[in-house]
Amino acid sequence: MSTPILAPVRTDARMDSPSRRFLRDFFGSRIAAAGAVVLLLIILAALFAPLISPQNPYDLQHLDILDSRLEPGTTAADGHMTYLLGTDDQGRDMLSAILYGVRISVTVGAVSTAIALAIGLTLGLLAGYAGGRIDALIMRIADIQLAFPSILIALILLALTGRGVDKIIIALAAVQWAYYARTARSTALVERKKEYVEAARALGLSPLRIVFRHLLPNCMPPLIVIAALQVASAISLEATLSFLGLGLPITEPSLGLLISNGFQYLLSGRYWISFYPGIALLVTVVAINLVADRLRDVLNPRLQTQ
C-alpha cells in the first residue's frame, strides 16, 4: 500500500507579519480605504503645493487687484491664466490659495499634535509609573486644564504671544497634551502590574529603561488613535482661530482665514470665496476622522465587527 504524498505546506513568515496583517485589517473597510486615499491625496497636494499651484498666493507682487472677486472659470485681465475656482478680494487664485492653505493647516495640525503627544506621553508615563505625589501633581494640572474650553486657552495664549505659525503651534500643543497624559497614565497603571514589568524590576533594570523600553510600546495603540483624532481637532481649532482673526497672519492664509475673507460676500452672490475653502476643510477633517476610526477598530480587536 503506497503512502500518500502530502504537499508541503508553505510557511511564509511575511504573510503573517504584523504590518501585512494591519494593512489587511485596515483596508478591509472600503470607507476607511477611501478616506486613506483622500487623505493621501491631500497630503501630497500639501507637500507639492508650490509645484502644482498656478499661482503663489503669498507673493503680493504678482497679485492684481483688477482680478479680485472673479467668478470661477474667469480668465485673468492680462489673459495669462484662468481662475478655475475664482479669486478672492485680494485677487488671489482660490485654487492656489486652497492648496497653500491646506499645506499650512495640515502642517500646523500634525506638528502641534506631535509636540503634544511627546509631552503628554512623557508626563503620563511618569505619572503612571511613579505614582504618589508626582502622579497627583501631574494629573491635577491636567484636570485644571481640561476644565477650561480648548479655544479659551488658545485665545489667551495667542493674545499673550501674538500671531504666527510657531505661536499657534505652541498654543495648540498646550491645549492638547492633557488628553495624551491621562490616556498614557491610565494605560501605564494597568501595564505596570503585569508580569513583564515585575520581571524587568527583578533584573535590576533602571526605571527609565522599564518605562521607555517596556511600558511605552504597550501604551502606544490608544495614543495613536487619539493622536489621529486630535490632528483633525487641531486643524479645526486652528481654522476657528484664524476665522476669528487670531491665528495666522493675513499674508499666509490658512483655510480658516480664507473662509473668513469670503464670509462678508456670502450674501452678495460671491459664494466661492468661502465655499471652496470650507469644502476643502470639511473633506480634510472627514478623511482624517475616517482613518482614525478605522485605526481604533484595528488596534483594538475587541471593537472589530465579527
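All values derive from a computational prediction rather than experimental measurement.

**Student:** An account of the overall build of the protein is needed here, citing residue identities and associated values.
**Tutor:** Secondary structure summary: the protein contains 11 helices and 2 strands in total. Beginning at the N terminus, the succession of helices and strands in the protein can be written as α-α-α-β-β-α-α-α-α-α-α-α-α. On C-alpha atoms alone, the protein measures out to a radius of gyration of 25 Å, which is more than a quarter above the 19 Å that the 2.2 N^0.38 rule sets for 306 residues. Referenced to the eigenvectors of the C-alpha coordinate spread, the extents of the protein come out at roughly 85 × 75 × 30 Å. Each of the 306 residues in the protein was classed as buried or not, and the buried ones make up 42%. Taking the contacts inside the protein whose residues are at least 6 apart along the sequence as the reference set, 69% of them involve residues at least 24 apart. Here the protein has roughly 16800 Å² of accessible surface; of this, 65% comes from carbon and sulfur atoms. Of the side chains in the protein, 25 bear a positive and 21 a negative charge, and the two mean positions are spaced by 13 Å.

**Student:** Break down the packing of helix H7 (residues 165–191) against helix H9 (residues 207–243) for me, with residues and values.
**Tutor:** Relative to each other, H7 and H9 sit at 155°, their axes nearing to 9 Å. Taken together, H7 and H9 sit at an angle that is classed as roughly antiparallel. At the point where H7 passes H9, the crossing takes the right-handed sense. Taking contact as the criterion, the partners of Ile168, Leu172, Val175, Gln176, Tyr179, Tyr180, Thr183, Ala184, Thr187, Ala188 and Glu191 in H7 are, on H9, Leu215, Asn218, Cys219, Pro222, Leu223, Ile226, Ala227, Gln230, Ala234, Leu237, Glu238 and Leu241. A class-by-class count of the residues in the contact of H7 with H9 yields 16 nonpolar, 5 polar and 2 charged.

**Student:** Outline the nonpolar core, supporting the account with residue identities and numerical values.
**Tutor:** If you look at the biggest cluster of nonpolar residues, it comprises 28 residues, and the most contacted ones within it are Phe26, Val102, Leu255 and Leu281. When residues of this core are traced back to their parent elements, those giving at least two are helix H2 (30–47), helix H4 (94–130), H9, helix H10 (255–263) and helix H11 (272–299). Apart from the residues lying within four places of it in its own chain, the contact partners of Leu255 are Ile98, Gly101, Val102, Ser105, Pro277, Ala280 and Leu281. The next biggest cluster of nonpolar side chains, apart from the first, holds 24 residues, and it includes Ala142, Ala173, Tyr180 and Ala184.

**Student:** Any details on the side chain of Asp135? Residues and values, ideally.
**Tutor:** Here Asp135 shows up in helix H5 (residues 132–146). Aside from chain neighbours lying at most four places away, what touches Asp135 is Ala127 and Arg185.

**Student:** Explain the environment of Ala116 residue by residue, including any values.
**Tutor:** Mapped onto the elements, Ala116 comes out in helix H4. Ala116 has contacts with Leu121, Ala173, Gln176, Trp177 and Tyr180, leaving out every residue within four places of it along the chain.

**Student:** Go over the pattern of salt bridges, please, and point to the residues and values.
**Tutor:** By the definition in use, this model includes 6 salt bridges. The salt bridge involving Asp88 is made with Arg92; its shortest N-O contact spans 2.9 Å. Two residues, Asp143 and Arg182, come together in a salt bridge whose shortest N-O distance is 2.6 Å. Placement of the pair is Asp143 in helix H5 and Arg182 in helix H7, with a sequence separation of 39 residues. The exposure class of Asp143 is partly exposed, given its relative accessible area of 28%. Look at the salt bridges and you will find they share partners, linking Arg140, Asp143 and Arg182 into a network.

What counts and how
- Residues numbered from 1 in each chain as written.
- Predicted model: local features only at pLDDT ≥ 70, side-chain atom pairs only at ≥ 80, totals over all residues.
- Heavy atoms only, no water.
- Helix = DSSP H or I, 4+ residues; strand = E, 2+ residues; numbered from the N terminus.
- Rg over C-alpha atoms; globule rule 2.2 N^0.38 Å.
- Buried < 20%, exposed > 50% of the residue type's maximum accessible area, 1.4 Å probe, protein only.
- Contact = heavy atoms within 4.5 Å.
- Areas by Shrake-Rupley, 256 points an atom, 1.4 Å probe, with all protein chains shown as cover.
- Lys, Arg positive; Asp, Glu negative; His and termini not counted.
- Charge placed at Lys NZ, Arg CZ, Asp CG, Glu CD.
- Axes fitted to C-alpha atoms, helices over the stretch in contact; angles between N-to-C directions.
- Parallel < 35°, antiparallel > 145°, perpendicular 65-115°, else oblique.
- Left-handed = near helix turned anticlockwise from the far one by under 90°.
- Nonpolar A, V, L, I, M, F, W, Y, C, P; charged D, E, K, R; others polar.
- Core = buried A, V, L, I, M, F, W, Y, C linked by side-chain atoms within 4.5 Å.
- Salt bridge = Lys/Arg side-chain N within 4 Å of Asp/Glu carboxyl O.

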